[in-house]
Amino acid sequence: MKELNPSINLIDTISTLDWIVFCTVLILTGASVIWGMSKREKISQTQDESSTYLDLLLMGRQLTLPLFIATLVATWYGGIFGVTEIAFNQGIFNFVTQGAFWYVAYIIFAFFIINKISHMQAVTLPDLIGKMFGPKSAKLSAVFNFFNVLPIAYAISLGIFSQMIFGGELWLNTTIGVFFVLLYSMWGGFRAVVFSDLVQFFVMCLGVFLVLAMSVANFGGLGFLKESLPSSYFSLTGSVGIGTTLVWGFIALSTLVDPNFYQRCFAANSPKTAKKGILISTCIWFCFDICTTFGAMYAKATMPETNSAHAYLLYAAQILPDGLRGFMLAGILATILSTIDSYLFLAGTTLAYDLAPKRLRSKPMMHHLGVLLVGVLAIIMAQVFNGDIKTVWKTLGSLSAACLLFPVLFGYIFPGRISDKQFVTTCLLGVITTSYWRNATHQGFWQNVDELYIGVLTTGSTLVIFYFYPQFKQLASARKG
């Protein structure tokens, strides 16, 4: 059995061969970005301004199945340090809350939502909501979506990764890392993001698989974990109980109003591509979650006193041989980069397309400025959240699920039944009650009631009232008559 050092510095584990492999992967990623930029420039020379802008935002709606799968899978896992930290502290609970719940949401999206949105030819999720409810709903949902896609958690992840290799302050590493990503997110367009995701997809998937494979080879299988870890690590609810566990189920349903999912579906060359791509991606995510969850559990079993935020990476660096270690590090970085670039790009799109005045909407420079502003804001907010990825997910995910989820689903199920004003009222009530409950002091039973439940209850009951209001009004008029 291999002896591991829980206090070792990551940089001390990296050999010359590791650096060569690591840099080679980065060069390949950079080459894919340059290729994407060159293709966009060639295409823009033969298109009018509106078509060029559509290519910037959605690759001209020509996303094929392989590219769809690669960019969707790669985009979804930038918070790998958050996921592995949960698994390190709670075990199988991570697979339930960060995996199984989300698979349900993906399948609902594939079978229920794709056909609902394919004919609307929307560019962004707020644009789609505007077509469903009205212009005020579009603007309000754009504000919600902007904060939902701020890449705060992924800026933190990038900072942690850089800090572990180069040392220094977290805020400085975060700043340098984010500005590096800004360079190609601003100028390459969605096409460059997709092509870089293609390289990062293969590297990140193979990287986490290698960690699990070497773990089993060095320490044994499930029996070793059961002997080394508390029984709570094999409980579906961990040590937090079913109430907190189900909160993550509602947060997972926020996928149904996640702008990144919609962007990929709007960019797909057909609804069939989008549907098949989501289902195949779900199978890949299942395998990825198995690798990260059990990999982090092996880290806990062998290095229990290690800082949970760094444990997975330190563990992986010590069990892999030279060369493969460099590939794994590149895979971890690829996992982060593939998400932060997409979120930067999409948040910039929200500013430049959904919130900017119409006369400025098709100006690429507005999009560049939007992406730059998002990057700066993400760095600032990473400091506000003090590097806590789980809190970022919980806070922003709760607001998104509580305020937008039910109103948008209601619009799919009962099209035309609530007005633009009613949609806005419902969402605002949701954000007010969620925010109030989060910051208020509670006693007794109410201490265990999460703010997400309050928000969902508010939006759900408000929608019911609006749904039956015309019938009540008609009944009242009949009685008066």
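For the structure itself, look to the data block above.
Throughout what follows, the structure given in this document is the object of discussion. (Residues numbered from 1 in each chain as written. Predicted model: local features only at pLDDT ≥ 70, side-chain atom pairs only at ≥ 80, totals over all residues. Heavy atoms only, no water.)

### Some details on the nonpolar core
Grouped together as the largest cluster of nonpolar side chains are 157 residues, with contacts concentrated most on Phe161, Tyr262 and Ile278. Each residue touching Phe161, except ones within four places of it in the same chain, is listed here: Phe22, Phe81, Leu313, Leu329, Ile332, Leu333 and Ile336. (Core = buried A, V, L, I, M, F, W, Y, C linked by side-chain atoms within 4.5 Å. Buried < 20%, exposed > 50% of the residue type's maximum accessible area, 1.4 Å probe, protein only. Contact = heavy atoms within 4.5 Å.)

### A closer look at the layout of surface pockets
Quantified by volume, the largest pocket comes out at close to 240 Å³. Around the largest pocket sit Phe22, Leu26, Leu158, Phe161, Ser162, Ile165, Phe166, Ile176, Gly177, Phe180, Leu333 and Leu337, which together line it. At 5 residues, the largest contribution of residues to the lining of the largest pocket is made by helix α8 (residues 152-166). (1 Å grid on protein atoms, 1.4 Å probe; cavity = no way out; pocket = protein on both sides within 12 Å on 5 of 7 lines; lining within 4 Å. Points joined across faces, edges and corners; volume = space filled by probe spheres on them. Helix = DSSP H or I, 4+ residues; strand = E, 2+ residues; numbered from the N terminus.)

### Considering the side chain of Asp197
Summarising the element assignment, Asp197 is placed in helix α9 (residues 170-219). In this view, Asp197 contacts Ala70, Thr71, Ala74, Thr75, Arg264, Ser338, Asp341 and Ser342; residues no more than four positions away in its chain are not counted.

### Looking at unusual backbone geometry
Positive phi, close to 55 degrees, is recorded for Arg61, a residue that is not glycine. The residue Arg61 is located in the loop between α2 (49-58) and α3 (65-75) in this model. For Arg61, a relative accessible area of 15% translates into the label buried. For Gln121, which is not a glycine, the phi torsion comes out positive at approximately 50 degrees.

### Some details on a nonpolar patch on the surface
Taken together, the side chains of Phe179, Met365, Leu369, Leu372, Val376, Ile380 and Val384 present a nonpolar region at the surface, about 600 Å² in accessible area. For the nonpolar patch, the element with the highest residue contribution is helix α16 (residues 364-384), accounting for 6 residues. Classification of Val384 by relative accessible area gives exposed; the value is 57%. (Patch = residues over 30% accessible without salt bridge, like charges linked within 9 Å, V, L, I, M, F, W, Y side chains within 5 Å. Areas by Shrake-Rupley, 256 points an atom, 1.4 Å probe, with all protein chains shown as cover. Salt bridge = Lys/Arg side-chain N within 4 Å of Asp/Glu carboxyl O.)

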